[in-house]
Amino acid sequence: MTNPHSASPDTPDAASQPEEVAKPFMRTIKSFVKRAGRMGSGQERAMAELGPQFLVPYQPSAINFEAVFAGAAGAEAPNDAKRPVVLEIGFGMGEATAQIALTLPDTNFLCCEVHEPGVGALLKRIGEHNIPNIRICNHDAVEVIDHMLPLASLDGVHIFFPDPWHKTKHNKRRLIQSPLVAKLAARLKPGGYLHAATDWQPYAEQILEVLSAEPKLKNRALPEHPELVGYSPKPHYRPLTKFENRGIKLGHGVWDVVFERV
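Computed from a predicted structure; not experimentally measured.

Engineer: Help me out: how do you make sense of the pairing of strand β5 (residues 188-198) in this one?
Structural biologist: Regular strands have side chains that alternate between both faces of the sheet. Within β5, eight of the eleven residues are buried, leaving the element largely enclosed by the surrounding structure. Where strand β4 (residues 154-160) meets β5, six bridges bridge the pair, whose relative direction is parallel. Looking at the pairing, Ile 159 lines up with Ala 196 of β5. The parallel pair β4 and β5, bridged by helix α6 (residues 178-187), forms a crossover whose chirality is right-handed. Summarising the sheet, β5 and strand β7 (residues 255-261) pair through six bridges and their orientation is antiparallel. Across the sheet, residue Ala 197 finds its bridge partner in β7, namely Asp 256.

Given below as structure tokens:
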């Protein structure tokens, strides 16, 4: 397979900070397109049995991470309120999310997904692998960001394989655009990171352009990997999923973009 990276790419305390005033066009941002889907019996059982512990209801007020992640350190370790918190937007069926949470057991993950079968599938993985450091919000991530996440409260953001909206006339529907990136940058702590990955090169180019234009962010890869022209080597914590491996066998590239909050 050709190395995709070789391709040429065509705060103060949150409580005292007023929330950004959303311009009219920003209110239309959505992190998803609602998809219908039927839940399997195992997913339904996971929703019923594990939902009360691992689902975080949407609320129009700031989240209390200490309360939400109570017990996330596991039964044998005391809960640490200072554990890093990473927001994941759109996890599909949760395969990569579960593996990352197991790889980074000292990090808490707040994961947003609107596709209920995917939520049920991740809950099922949580039960099967005894993963304590994931919480799921079955709600539009943009509203979660706007109303539940204080400024400078996150240590990281993961956005893996968002819908690329291939047709030019649909590019405006892509998730990673300047208004959303500004919201995410404002909620990252200094030194926190935003990691996006896509297997569609035109979208990778757009992501790199949009993140580079955000003044609160800087490219982590440029100083150490100038040969990748802004893209990043795949971080160790992001696994190769079945979906990604299938694409690699077909000769598809994957581009990782990692920026840091200045």
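Engineer: Help me understand the pattern of salt bridges in this model?
Structural biologist: Between side chains of opposite charge, a pair can form when the charged atoms approach closely. Taken as a whole and judged by the stated rule, the model has six salt bridges. Linking Glu 128 and Lys 124 is a salt bridge whose minimum nitrogen-to-oxygen distance equals 2.7 Å. Of this pair, Glu 128 and Lys 124 both sit in helix α4 (residues 116-129), separated by four residues, roughly a single helical turn. Classification of Lys 124 by relative accessible area gives partly exposed; the value is 34%.

Engineer: Can you help me understand the sheet that holds β5 in this one?
Structural biologist: Sheet strands line up and pair through hydrogen bonds in the backbone, either parallel or antiparallel. Here seven strands make up an open sheet; going across it, the order is β3-β2-β1-β4-β5-β7-β6 and the pairing mixed. What marks the edges here is a single partner per strand, and that holds for β3 (134-137) and β6 (217-219). Averaged over all adjacent pairs, the angle separating strand axes in this sheet is 20°, with direction ignored. Judged from the three bridges that link them, β6 and β7 form a sheet pairing that is antiparallel. Counterpart to Leu 217 in the pairing with β7 is Arg 261.

Here is what the cut-offs are and how they apply
- Counting starts from 1 at the beginning of each chain's written sequence and moves along it residue by residue.
- With pLDDT at 70 or above as the cut-off, local features in this predicted model cover only qualifying residues; side-chain atom pairs require 80 or more to be listed or tallied, and sums for whole chains, interfaces and linings still use all residues.
- Hydrogens and water are ignored here; the side-chain numbers use all heavy atoms of the structure.
- Exposure categories follow from relative accessible area, calculated using a 1.4 Å probe and restricted to protein chains: below 20% of the type maximum is buried, above 50% is exposed, and the middle band is partly exposed.
- The way it works is that DSSP assigns letters per residue, a run of H or I at least four long becomes a helix, a run of E at least two long becomes a strand, and they are numbered from the N terminus.
- What makes two strands pair is DSSP finding at least two bridges between them.
- Consider the strands pointing away from the viewer: the crossover is right-handed when the path from the first strand over the helix to the second runs clockwise.
- Salt bridge, as used here, is a side-chain nitrogen of Lys or Arg placed within 4 Å of a carboxyl oxygen of Asp or Glu.
- Angular values range over 0 to 180 degrees, each being the angle between N-to-C directions of two axes fitted as lines to C-alpha atoms, with helices fitted over their stretch in contact.

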